[in-house]
Structures are given as structure tokens and as C-alpha cells.
Amino acid sequence: MSITSPIQCDVVLALVPTFVDDEVTDSVASTVRRHLMDCSACRNAVQEEQTLRQWFVAAPEVEVPTGFAAHVARRAFAGDVGLEPAPAPVAAAPEPPAGRVLAFSRALVAVAAGGLVAISLFLAGSGGPEVADLDAGKGLQEALLELEQENQRLELEDSASTPEEGR
Amino acid sequence: MGALMHKPSLESQDDSLLVQGTLEGDPLCFEVLVERYQRRLFGLVRHYTRSAVEVEDIVQDTFLKAFSRLETFQQSSAFYTWLYRIAVNTILDFMKRQGRSPIRAVEDPEAMGGSMDETTERKSIRPDARLEQAEISEITRSVMDDLPEIFRTVLVMRELEQMRYQDIADVLQVSIGTVESRLFRARARFKKRLLQLHPEFAATQSNPSDEESKS
Ligand SMILES: [Zn+2]
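Everything numeric in this text was worked out from a predicted model, so none of it was measured.

What counts, and at which threshold
- Residues numbered from 1 in each chain as written.
- Chains lettered and ligands numbered in written order.
- Predicted model: local features only at pLDDT ≥ 70, side-chain atom pairs only at ≥ 80, totals over all residues.
- Heavy atoms only, no water.
- Helix = DSSP H or I, 4+ residues; strand = E, 2+ residues; numbered from the N terminus.
- Contact = heavy atoms within 4.5 Å.
- Areas by Shrake-Rupley, 256 points an atom, 1.4 Å probe, with all protein chains shown as cover.
- Donors = N, O, S within 2.8 Å, 3.2 Å for Na, K, Ca; no water.
- Tetrahedral: all angles 85-135°; square planar, octahedral: opposite > 155°, others 65-115°.
- Buried < 20%, exposed > 50% of the residue type's maximum accessible area, 1.4 Å probe, protein only.
- Polar contact = N/O pair within 3.5 Å; in protein donor to acceptor, adjacent residues only side chain to side chain.
- Core = buried A, V, L, I, M, F, W, Y, C linked by side-chain atoms within 4.5 Å.
- Domains from an automatic or database assignment.
- Axes fitted to C-alpha atoms, helices over the stretch in contact; angles between N-to-C directions.
- Nonpolar A, V, L, I, M, F, W, Y, C, P; charged D, E, K, R; others polar.
- pLDDT = per-residue confidence, 0-100.
- Phe/Tyr/Trp six-rings, centres within 6.5 Å; stacked < 30°, edge-to-face > 60°.
- Buried area = accessible area lost by both parts, 1.4 Å probe.
- Salt bridge = Lys/Arg side-chain N within 4 Å of Asp/Glu carboxyl O.

Caption draft 1: Expanded view of the overall build of chain B. Across its full length, chain B holds 11 helices and 2 strands. The N-to-C order of helical and strand elements in chain B reads α-α-α-α-α-α-β-α-α-α-α-β-α. Intrachain contacts of chain B at a sequence separation of at least 6 include 67% that bridge at least 24 residues. With an accessible surface of roughly 9,100 Å², chain B has 50% of that area assigned to carbon and sulfur atoms.

Caption draft 2: Representation of the coordination of the zinc ion in the model. All names here are of chain A. For the zinc ion, the full set of protein donor atoms is Cys9 (SG), His35 (NE2), Cys39 (SG) and Cys42 (SG), at a range of 2.1 to 2.3 Å. Coordination geometry of the zinc ion: the 4 donor atoms subtend angles of 101 to 118° at the metal centre, consistent with an arrangement described as tetrahedral. Mapped onto the sequence, the donors of the zinc ion take the spacing C-x25-H-x3-C-x2-C. The class of His35 is buried, set by a relative accessible area of 0%.

Caption draft 3: How the structure looks around the environment of Ser68 of chain B. All names here are of chain B. Structurally, Ser68 is set in helix H4 (residues 52-68). A residue is classified by how much of its surface remains accessible, and Ser68, at 37% relative accessible area, is partly exposed. At a separation of 3.0 Å, a polar atom in the side chain of Ser68 contacts the main-chain carbonyl oxygen of Lys65.

Caption draft 4: Spatial organisation of the nonpolar core. Counting 74 residues, the largest nonpolar core has Trp55 of chain A together with Phe30, Phe63, Phe79, Met157 and Phe190 of chain B as its most contacted members. Top element by residues in this core is helix H5 (residues 79-97) of chain B. It accounts for 12 residues. Residue assignment places this core across two domains, with domain 1 (7-97) and domain 2 (110-206) of chain B each supplying three or more. Met157 of chain B has contacts with Leu44, Tyr84, Val88, Gln162, Met163, Ile168, Val171 and Leu172 of chain B, leaving out every residue within four places of it along the chain.

Caption draft 5: Spotlight on helix H8 (residues 149-160) of chain B. Residues and elements named next belong to chain B. For H8, the tally of buried residues reaches 12 of 12 residues, placing the bulk of the element in the interior. Buried residues of H8: Glu149, Ile150, Phe151, Arg152, Thr153, Val154, Leu155, Val156, Met157, Arg158, Glu159 and Leu160, and no others. Following H8 by one or two positions, Gln162 has its phi on the positive side, about 50°.

Caption draft 6: The arrangement of the packing of helix H2 (residues 26-38) of chain A against helix H3 (residues 40-53) of chain A in detail. Residues and elements named next belong to chain A. Closest axis-to-axis distance for the H2/H3 pair is 6 Å, and the angle between their directions is 115°. Here His35, Leu36, Met37 and Asp38 of H2 lie close against H3, whose contacting residues are Ser40, Cys42, Arg43 and Val46. For the contact of H2 with H3, the class distribution of residues is 4 nonpolar, 2 polar and 2 charged.

Caption draft 7: Focus on the confidence of the model for chain B. Residues and elements named next belong to chain B. A residue-level look at chain B finds 82% of positions with pLDDT of 70 or above and a mean pLDDT of 84. The model gives residues 104-115 a pLDDT under 50, and that stretch makes 31 contacts with residues more than four places away or in other chains. This stretch, residues 207-215, has a pLDDT under 50; its non-local contacts, to residues over four places away or in other chains, come to 11 contacts. In the predicted assembly, ipTM is 0.81 and pTM is 0.72.

Caption draft 8: Here's a closer look at the packing of aromatic side chains. As enumerated under the stated definition, the model contains 12 aromatic pairs over all chains in all. Ring centres of Phe77 of chain A and Phe67 of chain B lie 4.7 Å apart, and the angle between their planes is 55°; this geometry places the pair in the tilted category. One end of the pair, Phe77 of chain A, is in helix H4 (residues 68-77); the other, Phe67 of chain B, is in helix H4, on a second chain. Taking relative accessible area as the criterion, Phe77 of chain A reaches 31% and is therefore assigned partly exposed. Overall, Phe67 of chain B belongs to the buried group, its relative accessible area being 19%. Through pairs of rings, three or more aromatic residues link up here, namely Tyr37, Phe73, Phe79, Tyr80, Trp82 and Tyr84 of chain B.

Caption draft 9: Main features of the side chain of Thr90 of chain B. Residue and element names in this part refer to chain B. The topology assignment puts Thr90 in helix H5. Classification of Thr90 by relative accessible area gives buried; the value is 3%. In contact with Thr90, not counting residues within four places along its chain, are Ile58, Asp61, Thr62 and Lys65.

Caption draft 10: Summary view of the confidence of the model for chain A. All names here are of chain A. Model confidence for chain A is summarised by a mean pLDDT of 67, while 47% of its residues fall at 70 or above. A low-confidence stretch, residues 89-141 (pLDDT under 50), is modelled with 65 contacts involving residues beyond four sequence positions or located in other chains. Across residues 158-167, confidence stays below pLDDT 50; counting only partners more than four residues off in sequence or on other chains, it has 22 contacts.

Caption draft 11: The arrangement of the domain arrangement of chain B in detail. All names here are of chain B. What the domain assignment lists for chain B is domain 1 (7-97) and domain 2 (110-206). Computed from C-alpha coordinates alone, the two centres of domain 1 and domain 2 are separated by 27 Å. With 15 residues of domain 1 at the contact, the number on the domain 2 side is 17 residues. Buried surface at the junction of domain 1 and domain 2, summed over both partners, amounts to about 1,400 Å²; 54% is from carbon and sulfur atoms. The largest per-residue losses of area from domain 1 upon contact with domain 2 belong to His47, Tyr48 and Arg50, which jointly make up 42% of the total buried on that side. The tally of links from domain 1 across to domain 2 stands at 2 salt bridges. A salt bridge links Asp145 to Arg50, with the nearest nitrogen and oxygen atoms 2.8 Å apart. At the boundary of domain 1 with domain 2, the tally comes to 8 residue pairs in polar contact (both at pLDDT 80 or more). Of all elements in the fold, only helix H3 (27-45) and H5 reach the threshold of two or more residues within the side of domain 1 that touches domain 2. Examining the composition of the side of domain 1 that touches domain 2, we find that 7 residues originate from one element, H5, more than from any other.

Structural data, given as C-alpha cells:
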């Protein structure tokens with residue numbers, strides 16, 4: 001990297017995805033852009049990041065059936081509350097139904113007891129007024145719990161094998 | 001409000017007023033809310049199932065759930081975010097009904113760990129110039145179908161629905177940092193799976209030193 005670049009390559013490389021997503025502040029963006037002028041390695045990383053995005057093409061216009069909103073409003077006011085939630089996941093039902101043993105269920109059962117408490121405390125502590133919104137989805141808490149646990153597991157795995165910035 | 005208003009005047013109202021009107025029993029207020037967001041929800045949901053009937057069912061179910069829980073909606077948060085959260089929940093629920101876990105991983109468990117190995121990282125994979133947009137979409141779709149839902153959802157929101165990090169974070173109730181790291185891993189996973197399914201599009205990344213010599 002050249003002496004005119006006040007920012008290091010590893011810093012820029014870590015910023016590349018958010019930079020390409022246009023999710024960095026203006027001042028960070030211009031710092032990155034200045035660096036890119038001098039650094040072909042980081043330019044390549046940006047290009048590669050853009051290349052991958054070429055796989056995501058804009059979907060055609062959505063077609064909403066005519067009269068959908070009126071139909072839904074009628075049903076709602078007629079007392080239709082929608083489908084019952086699917087059977088509760090393992091976290092809420094300690095004994096998974098036979099034949100529906102999910103790949104992660106053992107791990108989930110193992111951490112469910114501690115994880116449930118920890119995560120609900122976390123949600124309660126961090127959510128502020130949003131927490132009440134959790135009531136919005138019966139089952140959402142469970143789904144979020146699963147997602148977060150999977151996420152934490154993956155994060156642990158990732159940090160054990162490939163550090164996030166180690167690109 | 002609401003009961004005395006006509007539809008055109010309702011259409012210019014804020015979400016919060018329409019929510020209020022719905023809670024006071026005006027079906028038209030709810031209809032206008034549905035109309036306002038139906039397009040976005042159809043757009044979101046169609047990335048999860050190819051069946052138009054299922055898409056419609058899921059969106060309808062989302063709105064019915066939203067209606068039945070409208071009293072729990074906190075006006076301090078955006079209605080749109082709250083509605084999206086219910087939609088994501090409804091989608092995950094739908095996946096479960098289909099026997100799909102929301103975090104199902106069809107990949108080799110051995111491959112779960114290192115999200116971007118050296119070989120994957122060094123390879124570039126771009127759509128062939130001869131491919132039609134619809135063909136690219138189909139390939140992308142088939143790769144997404146193989147991703148754990150946790151990754152598919154964040155890619156759908158960001159790449160296909162162009163949602164901002166903040167909105168994704170609000171919907172999923174995670175931090176922006178988590179959105180970033182999840183997206184990062186999701187893209188790595190996407191690329192890896194794409195390379196597995198379609199090695200014919202792989203190319204070695206251009207060598208930086210070659211390019212540098214010109215500038
Ligand atoms: Zn650099």
C-alpha cells in the first residue's frame with residue numbers, strides 16, 4: 001500500500017462488504033475510495049464483492065391478486081385469525097416428536113435450558129419498548145431463539161476456524 | 001376517525017392513524033393498510049416458495065395474524081417493521097409445516113465451519129454473459145433453496161428486497177453488527193454452494209500484480 005493511503009488494507013478489506021452495500025458513512029466511504037485509487041488489491045476485493053452481487057437480479061414486478069386487500073380485511077373482521085402456529089420446536093417441547101428429529105435438535109436440547117433464560121434476559125435487557133412487540137408472533141420468540149442459537153454456534157465455529165477479518 | 005372517512009382520504013393517512021381506525025372497528029382502515037404493504041409482502045414471500053397459491057396464503061396469514069394482534073403493536077416502532085417480523089415468523093412457520101427447519105442445513109456438516117476457505121475465496125464466480133436474467137434468477141434461487149434459512153432470509157432481505165441494514169436489524173431484532181456478520185457468512189455460503197453447483201462459472205480472480213503494473 002502506498003504512503004498516500006492513511007488507512008490500512010486490512011481495515012479497508014473488512015469494510016468492503018458494507019462499503020459495497022452503501023452502508024458506511026460518507027466520510028468512511030470517501031476514505032475507502034481514496035485508498036482504492038492507490039490499492040489494486042483492495043480494488044479487486046471490491047470488484048469481487050460486486051461480482052457476487054450480479055447473481056441477485058431484480059425480480060419481476062409482483063402481481064397481487066385483484067381484491068386481495070378487501071378480501072383479507074373481510075376475513076379479518078369476520079374473526080379469522082389465520083393458521084395456528086406449527087408445532088412448537090424442540091426448545092419449547094423437550095421431547096421432539098419421533099420422525100421430526102432435526103439436525104440440530106441434540107445441540108438445541110443441550111443448550112435450551114440455559115439458553116432460554118439467557119436469551120430472554122438478553123432480549124428483555126436490550127429490547128426496550130420493542131420487547132412488547134414480541135407478543136406479535138407466538139412462536140417468533142422460539143424461532144428467534146433457534147436462529148440466535150444457530151447464529152452463535154456458527155459464530156463460534158467461524159471464530160474457531162476462519163476469523164471474520166481473515167480474508 | 002375512520003368510520004366517517006372515505007377510502008381516498010384514508011389512503012393519505014399515516015400508518016398509526018390507520019392502525020387506530022382498525023382498532024376502532026373500521027374495516028376500510030385495515031384494507032388500506034393491507035393495500036399499502038401487500039406488494040412488499042408478496043415480494044418478500046415469493047422468494048421462499050415457487051407456488052403462487054402458497055405465497056398468497058402466507059401473505060394473507062401474515063395480515064390476519066397482524067390484525068388479531070394489532071393491540072399489541074407498539075406505536076413507538078414502525079408498523080412496517082412489525083408487520084415484516086410477523087411475515088418472517090409466518091414464513092418460518094410455513095417452512096416447519098413443510099418439514100423444513102428454519103435453520104435447516106443440507107450441506108455437509110463438515111463444511112459448516114469454515115465459511116470461506118482459501119479456494120473459495122480465491123475463485124471468482126460471475127454469471128455468464130449469455131445467461132438470461134431469468135436463468136440467473138433460477139440458478140440463484142436453487143442455491144438459496146439449499147442455504148439454511150437464517151442465511152437465506154438475510155440474503156433475501158438485503159439482495160432481493162434491497163432492505164437497509166437498520167430495517168433488517170429491526171425486523172430480526174438483532175444488532176446491525178449481527179446483520180453485517182450474518183450477511184457476510186451468508187454470502188460466503190452462497191458463493192461456496194454456487195461453486196459446488198455450478199463450477200462452470202468459476203474463474204480465478206485477476207491477479208492484482210498484473211493489473212498494478214498498468215497503473
Ligand atoms: Zn488496500
